[in-house]
Amino acid sequence: MNGSPGEIVLGIAICIASGAACGFANGCVVVYGRIQPIIATLATSAIYMGFALILRPTPGGKVHEDLSWAVTSDVREFAATFGLFSDGEALWLQPFAWIPVPLILLALIVLLVWVPFTRSVTGRTVYAIGSSEGAAYMSGLPINRAKLAAFTLAGLFAGLGGLFLALQTSSGNADIPQAGAYTLNSIAAVVIGGTSLVGGSGSAIGSMIGAFVLRTISFNFRIFDVAPLLQPLFEGVVLLAAVSLGGLKLLRLKNKLEVFR
Amino acid sequence: MSRTAAPTPALQGFRLKPDDKPVIFAAGFVLLILLVGTGYTIMTQGSAPLLQPQYLLQQLQVGSFLGIVAAGLMLVILLGHIDLSVPWTLTAAAMMATAVGGPWAIPMGLGIGLLVGIVNGLGVAYLRVPSMIFTLGMNAVMRGLMVAHTGGFAPQTAATDLMQYLAVARIGGVIPVALLVWLAVSALVVVILTRMTLGRAIYAIGNRERAAYLSGIDTNRVILIAFALSGAAAGLAGVLLAGYSTKAYQGMGDAYLLPAIAAVVIGGTNILGGRGRYLGTLVGVILIVLLNSVLSIMQMPEAGRQIIYGTVIIAMLLVYGRGERVTG
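Some thoughts on the overall build of chain A
- From N to C terminus, chain A includes 12 helices and 0 strands.
- In chain A, the succession of helices and strands from N to C terminus is α-α-α-α-α-α-α-α-α-α-α-α.
- Looking at chain A as a whole, 25% of its 261 residues are labelled buried.
- Across chain A, every contact between residues at least 6 apart in sequence was considered, and the portion connecting residues at least 24 apart equals 56%.

Right, here's the structure in full:
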């Protein structure tokens, strides 16, 4: 991602499109191949990692420095970098100047992708499939289309995440442990955010809050001055304790059978 | 996705049983891998080292670590759960075993595995936390404990002689001891799954936990035991692996989780639980080990290996692992 503005835009578009294409391929394998998603995506992730290693055998590559600085700091810097609104010093901009650009990008994604998605038939069908696929099928909902859309969007957002990671670290890196950490942390964020792993309930907003919770845990280490060697342990224990709190709902059940899905 | 119970053997006669199909296809694929690899070595070196017993026994020795992990994981997958804590359970068992040393090294490693498994089981069965997320959390906790224990460096302690004997030695210079350990674990799993009420209960819970509970099975206890066994298997694999490489190191278990899941699933075990035979897992492990070995003999770069690896898993599942069409 370097060169003229046109090339940068093209690079970003390719980045997002490749994410969406990978997601669409996952969807095809799951929908038309009828393979269990968890194992199918494990296998495709190995394939994509192979392609990533071919594209970039060693960490490196270049990212446009101004762009990377602009989107990872706050609004004032963003404007200053591109010489907008008298370099970010315009009076009307001051109330917003402190807002971090990533937060705005996040809000844009919610408004442009998530809100329309939940209001469309496809989005409602995704929820319906999670609750009961058989019932969704009998109601004549477009099951295959919804599944393909869900997987494609997941891929698209993974692509966006990768794009932002590249902007933040100013390089590209086909790093298997790093990729694994993102998989696991994103699952954790979704669950902490209140989405049922069985499907049928939850929202992207909740997942975002879940991700904030995860990040806040590690941020607190600086405040409470936890020894660096103990930090991974605390991260794990807090995560475990958070999900175990869900066990409290068992105390309220009247019928023991409701324990089982 | 509706699931059908494993049909009783008596009803099957001589037809190809649905549970046999994965085993036969996977075994066929193992032969195919060997043939392709042999063709390659004949073309390039004019010899066929892949068909020598020495090579095959060595592969089985290397494969026994994966095989033991997969054996434990299969019990959990049959329940319809999954154990993602394998990597750091394995590493923690290896590190603590080498740290303790002496005659208590192996019991220590097994005990760590068992303990992690029991905590997993308590969380999944009694707290009803989804296994995927709870075992993931346990994995993070074990990693944190080990980072705190070692200070983030590779521990300086060495594996005991007994651990090295179990992992490296060969009886009469031919049969690897590690292979015998794997066979012993396999025998135990087969006995549990086919001859014990515990095994029947595992299949029953995998099919429909509600029904299993109503028929008087203490489902929570069965889940706890299965997770404990899976943890112990990971601990045993860690002890052996530490013996094999004479020491424990950070991230030694990372390369075992996904291949183990893949081996279990390629062997025909349903990832949603309730169906699968141990023989399939056995063949699945051999398939994965041979595939890795042949690809490295062909000097395939890491990228190509990943792509082929993923493609093979999907292709195998397209042949026999497809779910049923949803029709209400």
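What follows continues from the structure just given.
Topic: the overall build of chain B
- Within chain B, the regular secondary structure consists of 13 helices and 2 strands.
- Scaling as 2.2 N^0.38, a compact globule of 328 residues should have a C-alpha radius of gyration of about 20 Å, and chain B matches this with 20 Å.
- Seen through its C-alpha atoms, chain B measures out along the principal axes to roughly 55 × 50 × 40 Å.
- Looking at the 328 residues of chain B, the share that counts as buried comes to 52%.
- Sequence-distant contacts in chain B: of pairs separated by 6 or more residues, those separated by 24 or more amount to 77%.

Remarks on the interface of chain A and chain B
- With 46 residues of chain A at the interface, the matching set in chain B holds 46 residues.
- Secondary structure elements with two or more residues in the side of chain A that touches chain B: helix H2 (37-55), helix H8 (133-138), helix H10 (176-192) and helix H12 (231-244) of chain A.
- Per-element accounting of the side of chain A that touches chain B gives the leading share, 13 residues, to H2(A).
- Taken together, the residues that form the side of chain A that touches chain B break down as 34 nonpolar, 9 polar and 3 charged.

Some words on the confidence of the model for chain A
- Here chain A averages 77 in pLDDT, while 74% of its residues score no lower than 70.
- Across chain A, the element-wise mean pLDDT spans from 54 in helix H5 (residues 85-88) of chain A up to 89 in helix H7 (residues 121-131) of chain A.

Focus: the confidence of the model for chain B
All names here are of chain B.
- Across chain B, the average pLDDT comes to 86, with 93% of residues at or above 70.
- Every residue in residues 9-13 is under pLDDT 50, and counting partners more than four places away or in other chains gives 2 contacts.
- Model confidence for the complex is summarised by a pTM of 0.83, with the ipTM given as 0.75.

Notes on the packing of helix H6 (residues 161-168) of chain B against helix H7 (residues 177-195) of chain B
Residue and element names in this part refer to chain B.
- Where H6 meets H7, the closest approach of the two axes is 4 Å, and the angle between their N-to-C directions is 85°. In terms of orientation, H6 lies roughly perpendicular with respect to H7. Contacts from Tyr165, Leu166 and Ala167 of H6 reach H7 at Val177, Ala178 and Val181.
- The residue inventory of the contact of H6 with H7, partitioned by class, reads 6 nonpolar, no polar and no charged.

Quick look at the nonpolar core
All names here are of chain B.
- Counting 144 residues, the largest nonpolar core has Val69, Ala237, Leu240 and Ala260 as the members making the most contacts within it.
- Looking at this core element by element, the count peaks at 18 residues for helix H10 (residues 219-244).
- For leucine 240, the contacting residues outside a window of four places in its chain are Phe65, Leu166, Ala167, Ala178 and Val181.

Observations concerning unusual backbone geometry
All names here are of chain B.
- A positive phi is found at arginine 128, a non-glycine position, where the angle reads about 60°.
- With respect to the secondary-structure elements, arginine 128 resides in the loop between helix H4 (105-126) and helix H5 (131-150).
- Given 19 C-beta atoms within 10 Å, arginine 128 falls into the partly exposed group.
- Not every positive phi belongs to a glycine, and threonine 246 is a case in point at roughly 60°.
- For threonine 246, the position within the fold is in the loop between H10 and helix H11 (257-266).
- Under the C-beta neighbour-count criterion, threonine 246 is labelled partly exposed, with 13 such atoms within 10 Å.

Some points on the environment of B:Leu183
- Mapped onto the elements, B:Leu183 comes out in helix H7.
- Along the backbone, B:Leu183 and B:Leu282 are 99 residues apart, and their C-alpha atoms lie at a distance of 9.9 Å.

A word on H11(B)
- With 10 of 10 residues buried, H11(B) lies mostly within the body of the structure.
- Within the sequence span of H11(B), burial applies to B:Leu257, B:Leu258, B:Pro259, B:Ala260, B:Ile261, B:Ala262, B:Ala263, B:Val264, B:Val265 and B:Ile266.
- Those residues of H11(B) hidden inside the fold are in contact with H2 of chain A together with helix H1 (20-44), helix H2 (53-78), helix H3 (86-100), helix H12 (278-297) and helix H13 (302-320) of chain B.
- Once H11(B) ends, the next one or two residues include B:Gly268, with phi positive near 100°.

Side note on the packing of H12(A) against H5(B)
- The contact between H12(A) and H5(B) brings their axes to 7 Å, and the two run at 155°. On the basis of the axis angle, H12(A) is roughly antiparallel to H5(B). H5(B) is crossed by H12(A), and the crossing has left-handed handedness. Of H5(B), the residues touching H12(A) (which contributes A:Pro232, A:Leu233, A:Phe234, A:Glu235, A:Gly236, A:Val237, A:Leu239, A:Leu240 and A:Val243) are B:Ile133, B:Phe134, B:Gly137, B:Met138, B:Ala140, B:Val141, B:Arg143, B:Gly144, B:Leu145, B:Val147 and B:Ala148.

Here's the deal with H10(B)
Residues and elements named next belong to chain B.
- With 26 residues, H10 extends 37 Å between its outermost C-alpha atoms, agreeing within 8% with the 38 Å of an ideal straight helix rising 1.5 Å per residue.
- Within H10, 24 of the 26 residues are buried, leaving the element largely enclosed by the surrounding structure.
- Trailing H10 by a residue or two, threonine 246 shows a phi angle of about 60°, which is positive.

So, the environment of A:Gly50
- Topologically, A:Gly50 is positioned in helix H2.
- For A:Gly50, a count of 22 C-beta atoms within 10 Å gives the class buried.
- Dropping the residues within four chain positions of it, A:Gly50 is found in contact with B:Ala303, B:Gly304, B:Gln306 and B:Ile307.

Notes on the environment of B:Met108
- Checked against the element boundaries, B:Met108 lands in helix H4.
- When the C-alpha positions of B:Met108 and B:Val239 are compared, they lie 9.2 Å apart, and in sequence the two are 131 residues distant.

Calculation rules
Residues numbered from 1 in each chain as written. Chains lettered and ligands numbered in written order. Predicted model: local features only at pLDDT ≥ 70, side-chain atom pairs only at ≥ 80, totals over all residues. Helix = DSSP H or I, 4+ residues; strand = E, 2+ residues; numbered from the N terminus. Buried ≥ 20, exposed ≤ 12 C-beta atoms within 10 Å, placed from the backbone. Contact = placed C-beta atoms within 7 Å. Rg over C-alpha atoms; globule rule 2.2 N^0.38 Å. Nonpolar A, V, L, I, M, F, W, Y, C, P; charged D, E, K, R; others polar. pLDDT = per-residue confidence, 0-100. Axes fitted to C-alpha atoms, helices over the stretch in contact; angles between N-to-C directions. Parallel < 35°, antiparallel > 145°, perpendicular 65-115°, else oblique. Core = buried A, V, L, I, M, F, W, Y, C linked by C-beta atoms within 7 Å. Left-handed = near helix turned anticlockwise from the far one by under 90°. Expected span 1.5 Å × (residues − 1).

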